[in-house]
Amino acid sequence: MVIEKYILAVITTNKEKVPVAPAVFYCDTIEEMNTFGANLEAILDGIAHKLSDDVFIIVKH
Amino acid sequence: MNGFMSPIIVGIVAGVIIRLFMLRSDYRQYPTYLHGKIIHIALGVIAAGLGSIIVPALMQKDYTAITFLTIAASQFREVRNMERNTLTGLDDYELVKRGNTYIEGIAIAFEGRNYLVILTSLLVNATYIYFNIWFAILATILCVLGCRKLMSGSTLKDIVDITYVEPRFDGAGLYVDNIYIMNIGLPARQEEVLRYGMGFILKPKNFNVRTTIANLGQRQAILHDTAVALGVYRDSGTPALVPLAKRDLDDGRVAVFILPQEKDIDKAIKVIGNVPTLENAIRLPSKIDSNEKGLL
């Protein structure tokens, strides 16, 4: 199955702003969030998009 | 040996010359290897043979022989399928895809070239039979010149003005001029994009061009050709590093964002300018007369 245009993961430092859907990674700092984002981007073959300063989503296009 | 032998041979030779002339590895980057070329030369010889025997067959009053041309037509349509299948199969493994519109254009060109070979052979053969070999040679030269003129379509520099614009970030959004390209979240990725990325604005010269460069296939062709000519800073597993072309809905300008290995502005403008206008992307809205009856 090919997954396209789908949120694969959410990375955030803000516990209140996250949907109850895919894998969610809570991070303590923005730096940690960037590292998680870079790794997940490479692993999932998706792009880390920034929704707001404290929420990243990984989307496969 | 009957009297038609030398005209037929001259016709075949002329056809093969034309086919070889049209088989240069050009901007399409295809075919580049010998086996690929041999397929097309072999088909060219067949086409030339068919073209050369039309006039002799008619002169011998062998009218039914003309029906074999229909077999030829289906044979060469097969060439188009073959090209389409090969190129589509290979496209999945390209870092920057050619796109179906481009592939279809190449496939059509390959089919069309075989018909040109048939026509050339027919013409040269007929000239030899009705005049002499010198006229046949003259006809060959005229055919080569004619093909050169006919087969070279227009390029982008004829229809758009190309200017370089440094890409920039507004928050996480990547912009070329005022046109939004994509959202890149990671700061490290943003730095890479700014370091390697180049932006170009294609401004349509008239209203018809707007629709042509809006075509997704045409835009993909631009990205593919620049990636071929300038290299691409990209690998599998780095989907954020992707060349993209987006459109300004207000005035039809297209922003092209590329990640070349070689950051040479003049060369890039030249390469984009030389991208062929894809036959399948050309639209001529101005040719539609809205007062015409039966329309709208």
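Cut-offs applied
Residues numbered from 1 in each chain as written. Chains lettered and ligands numbered in written order. Predicted model: local features only at pLDDT ≥ 70, side-chain atom pairs only at ≥ 80, totals over all residues. Helix = DSSP H or I, 4+ residues; strand = E, 2+ residues; numbered from the N terminus. Buried ≥ 20, exposed ≤ 12 C-beta atoms within 10 Å, placed from the backbone. Contact = placed C-beta atoms within 7 Å. Domains from an automatic or database assignment. Nonpolar A, V, L, I, M, F, W, Y, C, P; charged D, E, K, R; others polar. Core = buried A, V, L, I, M, F, W, Y, C linked by C-beta atoms within 7 Å. Pairing = 2+ DSSP bridges. Axes fitted to C-alpha atoms, helices over the stretch in contact; angles between N-to-C directions. pLDDT = per-residue confidence, 0-100. Expected span 1.5 Å × (residues − 1). Parallel < 35°, antiparallel > 145°, perpendicular 65-115°, else oblique.

Engineer: Even after reading the chapter, I still don't get the overall build of chain B, so can you show me in this structure?
Structural biologist: Broken down by element type, chain B carries 10 helices and seven strands. Out of the 296 residues in chain B, the part that is buried amounts to 35%. Contacts spanning at least 24 positions in sequence make up 77% of the contacts within chain B whose residues lie at least 6 apart.

Engineer: It is not clear to me how the overall build of chain A should be interpreted in this structure. Could you clarify?
Structural biologist: Scanning chain A for helices and strands turns up one helix and four strands. If you list the helices and strands of chain A from N to C, you get β-β-α-β-β. Restricting to contacts in chain A with at least 6 residues of sequence separation, those with at least 24 account for 38%.

Engineer: Looking at this structure, how should I read the domain arrangement of chain B?
Structural biologist: For interface size, the figure often reported is the accessible area lost on association. All names here are of chain B. Domain parsing of chain B yields domain 1 (5-152) and domain 2 (157-284). Each partner contributes residues to the interface: domain 1 has 13 residues there, and domain 2 has 19 residues. Here the side of domain 1 that touches domain 2 is built from residues that sort into five nonpolar, five polar and three charged.

Engineer: I tried to follow the nonpolar core on my own but got confused; where do I start?
Structural biologist: Considering soluble globular proteins, one finds that nonpolar side chains tend to be buried as a cluster. Ranked by internal contacts, the top residues of the largest apolar core, which has 54 residues, are I11 and A48 of chain A together with I222, A255, V256 and I272 of chain B. Formed jointly, this core draws a minimum of three residues from each of two domains, domain 1 (5-152) and domain 2 (157-284) of chain B. Setting aside anything within four residues of it in sequence, one finds A255 of chain B in contact with V176, D177, I179, I181, G199, I201, A245 and K246 of chain B. Core analysis: the next-biggest nonpolar cluster, separate from the first, contains 23 residues, I8, A14, L50 and Y128 of chain B among them.

Engineer: Please explain the interface of chain A and chain B as it appears in this structure.
Structural biologist: With 13 residues of chain A in contact, the opposing surface of chain B contributes nine residues. With five residues, the top contributor of residues to the side of chain A that touches chain B is helix α1 (residues 30-44) of chain A. When the residues that make up the side of chain A that touches chain B are grouped by side-chain class, the tally is five nonpolar, five polar and three charged.

Engineer: Looking at this structure, how should I read the sheet that holds strand β7 (residues 254-258) of chain B?
Structural biologist: Adjacent strands of a sheet pair through backbone hydrogen bonds, lying either parallel or antiparallel. Residues and elements named next belong to chain B. Pairing within the open sheet is antiparallel, and its four strands lie in the order β1-β5-β7-β6. The outermost strands of the open sheet, each flanked by one partner alone, are β1 (160-165) and β6 (244-247). Ignoring which end each strand starts from, the neighbouring axes of this sheet average 20 degrees apart. Of the strand pairs in this sheet, β1 and strand β5 (residues 198-204) are connected by six bridges, and their pairing is antiparallel. Looking across to β5, one finds that Y164 is bridged to F200. Relative to β5, helix α8 (residues 207-214) is tilted by about 140 degrees, and along the sheet it contacts β1, β5, β6 and β7. The strands touched by helix α9 (residues 216-230) within the sheet are β6 and β7, with β7 carrying the most contacts at an inclination of about 30 degrees.

Engineer: Which parts of the structure should I look at to understand unusual backbone geometry?
Structural biologist: Peptide bonds are mostly trans, and most non-glycine residues show a negative phi. Backbone geometry at D45 of chain A places phi at a positive 60 degrees, although glycine is not the residue there. Looking at the secondary structure, you find D45 of chain A in the loop between α1 and β3 (47-52). Despite not being glycine, D177 of chain B shows a phi value in the positive range, around 55 degrees. Relative to the elements of secondary structure, D177 of chain B occurs in the loop between β3 (173-176) and β4 (179-183).

Engineer: Help me out: how do you make sense of the confidence of the model for chain B in this one?
Structural biologist: Low-pLDDT portions of the prediction should not be read for the details of their coordinates. All names here are of chain B. Averaged over every residue, the pLDDT of chain B is 87; the share at 70 or more is 94%. When pLDDT is averaged over each element of chain B, β7 comes out on top at 95 and helix α4 (residues 68-91) at the bottom at 86. Across the interface, the model reports ipTM at 0.75; the global pTM reads 0.82.

Engineer: Looking at this model, I keep getting lost on helix α6 (residues 133-151) of chain B. Mind explaining?
Structural biologist: Within an α-helix, residues lying three or four positions from one another point in the same direction, as the helix has 3.6 residues per turn. Between its first and last C-alpha, α6 of chain B extends 26 Å over 19 residues, near the 27 Å set by a 1.5 Å rise per residue. The inward-facing, buried residues of α6 of chain B abut α1 (5-21) and α5 (100-130) of chain B.

Engineer: Is there a simple way to think about the sheet that holds β3 of chain B in this case?
Structural biologist: Residue and element names in this part refer to chain B. Read across the open sheet, the three strands follow the order β2-β3-β4; overall the sheet is antiparallel. With partners counted over all chains shown, the strands left at the sheet margins are β2 (168-170) and β4, one partner each. Averaged over neighbouring strand pairs, the angle between their axes works out to 40 degrees when direction is ignored.

Engineer: Got a minute to help me understand the packing of α5 of chain B against α9 of chain B in this structure?
Structural biologist: Relative orientation and spacing of two packed helices are given, respectively, by the angle between their axes and the distance between those axes. Residue and element names in this part refer to chain B. Following both chains from N to C, one finds α5 and α9 inclined at 85 degrees, their axes separated by 7 Å at the closest point. Between α5 and α9, the angle is such that the two are roughly perpendicular. Contacts between α5 and α9 pair N100, T101 and Y102 from the former with G217, Q218, Q220, A221 and H224 from the latter. Among the residues forming the contact of α5 with α9, the class breakdown is two nonpolar, six polar and no charged.

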